[in-house]
Amino acid sequence: MTKSKKIGIGISILIIAGAIGYLALGNFGENLIYFYTPSEVRSLSPDYYGKKVRVGGMVVNGSLKVVPNTLRMNFELTDGAETIPVTFEGVPPDLFKEGTGAVVEGYWDSGNVFKSNMIMAKHSEDYMPIEMKRAGVEMPKKDMIKSLQP
Amino acid sequence: MIIEIGYFAVIAALVVSIAGILAPLIGLKTGNPAWIRAGRQAVTANFILISLGCGSLIYSFLLRDFSVKYVVMNSNSRLPVFYTVAALWGGHEGSLLFWAWILAAFATLAAWIHWKSHPETMPYLLAIESSLTVGFLALIIFLSSPFERVFPALAEGMDLNPLLQDPGMVFHPPFLYLGYVGFSIPFSFALAALLSGRLGEEWIRATHRWTLFSWIMLTFGIIMGGYWAYYELGWGGYWAWDPVENASFMPWLVGTAFLHSVMVQEKRKMFKVWNLFLIIVTFSLSLLGTFLVRSGILSSVHAFANDPGRGVYILIFMSTVLILSFGILIIRSNKLKVKIEMDSVISRESAYLFNNLFFLIATATVFLGTLYPLLVDTLYGTKVTVGAPYYNKVFLPIVLIILILMGIAPMIAWRKASMENLRKNFLVPVIAALAGTVISAIIGIRQIYPLAAAFIVFFVAATIISDLYKNSSYWASHSGTSLLTGIWKAWYHNQRRYGGLVTHIGVLVMILGIIGSSAYKLEKTIILKPGDEFSLGHYSYKFQGLQDVQGINWEGAEALFNVYEGNNFIAEMRPQKRRYSGGSQMPTTEAAIYPRHMGDLYLSMTDITQDGWITVMAFQNPLIHWIWYGGGIMGLGVVLILFKRKRRES
């Protein structure tokens, strides 16, 4: 192979890789979704109002109110320190209920309420917000085993 | 007692596999074949010992021995026997043991199959496979043992995650693991080739079948995961770019690149270092895939419990594998200088080169999207996720280019394609593709990606048909028989080639399924009371009412729908909502799927209120079946290659 052919292959590879790299990185920023705790949501600056984010927390017991015969519901999400009100419209996953962890996607509307139409929990019952995972999943498991013992 | 025997067997296996690393190396050093034979006995013994370990766990499950923690966590007394056995790989600890067991089985098989034909590389192969076994067994024994007991014993277990109580979920992980672990054999052969200095095409020929087998198992595993997600999760889709799905997709992408580039080395003795690089990356990504799922370091919906000790161990294991294998590759790569060079940009070599390039770019985009959140979290403590739109936007163009190459590469000449060659092979397909695209546009396909896909599908299909036609008419005129006999002869003389082309047809069918079901999907979420009707597409659905249903270990409600096409009644559909009676009390949604030629009707009941109203998600997914059919055709193609007749070397 001659030198010019080599350069030819090299340049075409560079151009293709560059184009795809541009495509990849260009799409990266706008498709990043930030993941917050309720406390972080409370402290968001107004610039972030209306921007799509995810929030992870526990669904507060007794807070879940379903609007009858609609797809709307309201509940509160807490991380222990702060609690935010959430309005949700859509179909919640099977695992969604009070007193468990949930991750909701939506936006913090004018600093008052979190509006969401997606609750994440597609595959596993072990799913929970990452902070709570850090706090330890083994502990609840041990408690669970204890509670089953005669 | 039984579980302790299993535990002891696995501990013994760890000791034996350490011996299995040392013995062959000593044998190599001293030139004493007895030590190398001891290495083979070690991997065989390992297989028996780990089988005992798995056996004792399965036995404990069958006995419903709720003094074993893993049994408590993953089963209960009402769990059907079928799922009780599958519970072996239902949780974190058991699935690692299951992985180690497949590894030992494959190592043993490879040791006995290739013993005579590869005496020089065998000691290295044994030592490498044993080292991998050590890595897994140490993780199992010290950090995630499935053999732990609970005191006092419990009366009842928690239950297997109801989502896993499904045939799709029973078979999906083993197939993935067969793929992941299968790649360990080409990987070990590659490293053994580097270490022994036998750097010819030998290792590639030896591992040809292993590679194909692993690749198709991984393919099936991924497709089954998609199929399971489709009918069990009730969200109407099959792929969500979830980090754990990506974890199995990355080794598949690089494995596919490897599968193609080895052909260049076989035919043209090129790409030597490249092939070694690819198989190392493939197997490393297989390990990464296992660990990403099983360590829970990603905030995935699949992620299992996180344990810092486990995470650190896994990090050390991964880095050891990577540093050692790339280290060996770099040190030895100076021996791999090849004098043969590429003759032209327009040649089959360069088509394969670009195929590889795009598969790697595809992998890199998935890798970036999957691990970027982890990186950001580590560096800045900010948590982000990368959404599906990123993958869809970046991935689709890359896939289309790969598909075009899929049509070009098998038909273009090696070394340097002449204009004559190009015209002969591609004039008809290009015309066919243009005609096909125009017809698609006329019958109403207007979006850009479906049109591009139509062009490519017609193009690739036409290249395959015209190739088969040319070859069989050659054989027909050569032997003076009919075209049909010609097809048979063409087939017989090129089994590997046509097996590969059948696999390509499978890919086309699958692409049609993916494009059809994503671009032309209809969906509706609606709340209904008994007697209500709604329509979607050409179909209308009447909700007749609810009734109670019961299974062995679950109870639930079933909604009855009558489905009409126009005024004609065509089917009854019964989506269910189940609640399993085990400790998890977890509700699951059983979608009702009514297959039609051009697409599925899909109903999923997501909520029931006390006064009998229900929430239903309805989907119409055109061509979605083609995805599964495509997978089947791909499998057929691989089977045709694997069982090709041996012909005498000419």
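Computed from a predicted model, the values in this text were never measured in an experiment.

A. Quick peek at the overall build of chain A. Within chain A one finds four helices and seven strands. Taken from the N to the C terminus, the helices and strands of chain A come in the order α-β-α-β-β-β-β-β-β-α-α. Here chain A holds 150 residues, and 37% of them are scored as buried. Across chain A, every contact between residues at least 6 apart in sequence was considered, and the portion connecting residues at least 24 apart equals 50%. Accessible area for chain A stands at about 7,900 Å²; split by element, carbon and sulfur atoms hold 58% of it.

B. Structural context of the nonpolar core. Residue and element names in this part refer to chain B. Formed by 184 residues in total, the largest nonpolar core has its most connected members in Trp99, Phe187, Trp203 and Trp252. The greatest single-element share of this core, amounting to 15 residues, is contributed by helix 9 (residues 202–232). When residues no more than four places from it in sequence are discounted, the contact partners of tryptophan 99 are Phe136, Tyr177, Tyr180, Val181, Phe283, Leu287 and Thr290.

C. Up close: the side chain of Asn275(B). Residues and elements named next belong to chain B. For asparagine 275, the location among the structural elements is in helix 11 (residues 272–295). Residue class for asparagine 275 comes out buried when judged on its relative accessible area of 0%. Those residues in contact with asparagine 275 that lie beyond four places of it in its chain are Trp203, Ile204, Phe258, Ser261, Val262, Gln265 and Met270.

D. Quick look at the sheet that holds strand 9 (residues 592–596) of chain B. Residue and element names in this part refer to chain B. Overall, antiparallel pairing links the four strands, which are arranged 2-11-10-9 in an open sheet. With one partner strand each, in any of the chains shown, strand 2 (522–528) and strand 9 form the two edges of the open sheet. Here the average twist between neighbouring strands, direction ignored, is 15 degrees. As paired strands, strand 9 and strand 10 (residues 599–608) are joined by five bridges and run antiparallel to one another.

E. Molecular detail of the packing of helix 7 (residues 167–182) of chain B against helix 8 (residues 184–196) of chain B. Residue and element names in this part refer to chain B. Two elements in contact, helix 7 and helix 8, have axes whose closest approach is 5 Å; the angle formed by their N-to-C orientations is 5 degrees. Between helix 7 and helix 8, the angle falls in the class roughly parallel. Together, Tyr180, Val181 and Gly182 of helix 7 and Ser184, Ile185 and Pro186 of helix 8 make up the contact between the two elements.

F. Main features of the packing of aromatic side chains. All names here are of chain B. Applying the stated criterion across every chain yields a total of 47 aromatic pairs over all chains. Each ring, one from tyrosine 238 and one from tryptophan 628, has its centre 6.2 Å from the other, and the planes form 85 degrees; the classification is edge-to-face. With a gap of 390 residues between them, tyrosine 238 in the loop between helix 9 and helix 10 (243–268) and tryptophan 628 in helix 19 (residues 624–642) connect regions that are remote in the sequence. Centroid distance phenylalanine 534 to phenylalanine 561: 6.4 Å. Interplanar angle 85 degrees. Geometry classified as edge-to-face. Remark: phenylalanine 561 occurs in strand 5 (residues 554–565) and phenylalanine 534 occurs in strand 3 (residues 533–536); sequence separation between them is 27 residues. Grouping residues by exposure puts phenylalanine 534 and phenylalanine 561 together as buried. Taken together, the ring pairs connect Trp215, Trp239, Trp241, Phe249, Trp252, Tyr390, Tyr391 and Phe395 into an aromatic cluster. Between the NZ or CZ atom of arginine 40 and the centre of the ring of tryptophan 112, over which it lies, the distance is 3.9 Å.

G. Fine view of unusual backbone geometry. Residues and elements named next belong to chain B. With an omega of -15 degrees, the peptide bond between phenylalanine 151 and proline 152 qualifies as cis. Topologically, proline 152 is positioned in the loop between helix 6 (122–143) and helix 7. Phi at tryptophan 241 takes a positive value of approximately 55 degrees, unusual for a residue other than glycine. Structurally, tryptophan 241 is set in the loop between helix 9 and helix 10.

H. Examining the side chain of Thr615(B) more closely. Mapped onto the elements of the fold, Thr615(B) is located in strand 11 (residues 614–622). Relative accessible area serves as the criterion here: at 7%, Thr615(B) is assigned to the buried category. Excluding its chain neighbours within four sequence positions, the residues that come into contact with Thr615(B) are Leu71(A), Val91(A), Thr525(B), Ile526(B), Ile527(B), Ser604(B), Met605(B), Thr606(B) and Asp607(B).

I. Fine view of the pairing of strand 4 (residues 539–550) of chain B. Residues and elements named next belong to chain B. Relative to strand 4, strand 3 is paired through four bridges, and the arrangement is antiparallel. Its bridge partner being in strand 4, glutamate 533 is matched across the sheet by lysine 542. Hairpin connection of strand 3 to strand 4: two residues between the antiparallel strands, including glycine 537 at a positive phi of 60 degrees. Of the strand pairs in this sheet, strand 4 and strand 5 are connected by 11 bridges, and their pairing is antiparallel. Within the sheet, the bridge partner assigned to aspartate 548 lies in strand 5 and is alanine 557. Adjacent in sequence and paired antiparallel, strand 4 and strand 5 are bridged by three residues.

J. Highlighting the confidence of the model for chain B. Residue and element names in this part refer to chain B. Per-residue confidence for chain B averages 88 on the pLDDT scale, and 95% of its residues sit at or above 70. Taken as a whole, residues 300–305 scores under 50 in pLDDT and shows 32 contacts with residues more than four places along the chain or in a different chain. What the predictor reports for the complex is a pTM of 0.90 with an ipTM of 0.74.

K. Broad picture of the packing of helix 1 (residues 2–30) of chain B against helix 2 (residues 33–63) of chain B. Residues and elements named next belong to chain B. For the pair helix 1 and helix 2, the least separation of the axes is 7 Å and the interaxial angle reads 165 degrees. What the angle tells us is that helix 1 and helix 2 run roughly antiparallel. Remark: the crossing between helix 1 and helix 2 carries left-handed chirality. Considering only residue class, the contact of helix 1 with helix 2 consists of 21 nonpolar, 10 polar and no charged.

L. Examining the pattern of salt bridges more closely. In the structure shown here, the tally under the stated rule is 19 salt bridges over all chains. A salt bridge links Glu349(B) to Arg268(B); its shortest N-O distance comes to 2.6 Å. Residue Glu349(B) is located in helix 13 (residues 348–380), and its partner Arg268(B) is located in helix 10; the two are separated by 81 residues in the primary sequence. We note that Glu349(B), like Arg268(B), is buried. Two residues, Lys529(B) and Asp532(B), come together in a salt bridge whose shortest N-O distance is 3.5 Å. Look at Lys529(B) and you get partly exposed, because its relative accessible area is 37%. When salt bridges that share partners are traced, they join Lys52(A), Arg54(A) and Glu105(A) into one network.

M. Main features of helix 6 of chain B. Under the 1.5 Å per step criterion, the end-to-end length of helix 6 of chain B is 31 Å for 22 residues, consistent within 8% with the ideal 32 Å. Counting buried residues in helix 6 of chain B gives 19 out of 22 residues, a clear majority hidden from the surface.

What counts, and where the lines are drawn
Residues numbered from 1 in each chain as written. Chains lettered and ligands numbered in written order. Predicted model: local features only at pLDDT ≥ 70, side-chain atom pairs only at ≥ 80, totals over all residues. Heavy atoms only, no water. Helix = DSSP H or I, 4+ residues; strand = E, 2+ residues; numbered from the N terminus. Buried < 20%, exposed > 50% of the residue type's maximum accessible area, 1.4 Å probe, protein only. Contact = heavy atoms within 4.5 Å. Areas by Shrake-Rupley, 256 points an atom, 1.4 Å probe, with all protein chains shown as cover. Core = buried A, V, L, I, M, F, W, Y, C linked by side-chain atoms within 4.5 Å. Pairing = 2+ DSSP bridges. Axes fitted to C-alpha atoms, helices over the stretch in contact; angles between N-to-C directions. Parallel < 35°, antiparallel > 145°, perpendicular 65-115°, else oblique. Phe/Tyr/Trp six-rings, centres within 6.5 Å; stacked < 30°, edge-to-face > 60°. Lys NZ or Arg CZ within 6 Å of the ring centre and 35° of its normal. pLDDT = per-residue confidence, 0-100. Left-handed = near helix turned anticlockwise from the far one by under 90°. Nonpolar A, V, L, I, M, F, W, Y, C, P; charged D, E, K, R; others polar. Salt bridge = Lys/Arg side-chain N within 4 Å of Asp/Glu carboxyl O. Expected span 1.5 Å × (residues − 1).

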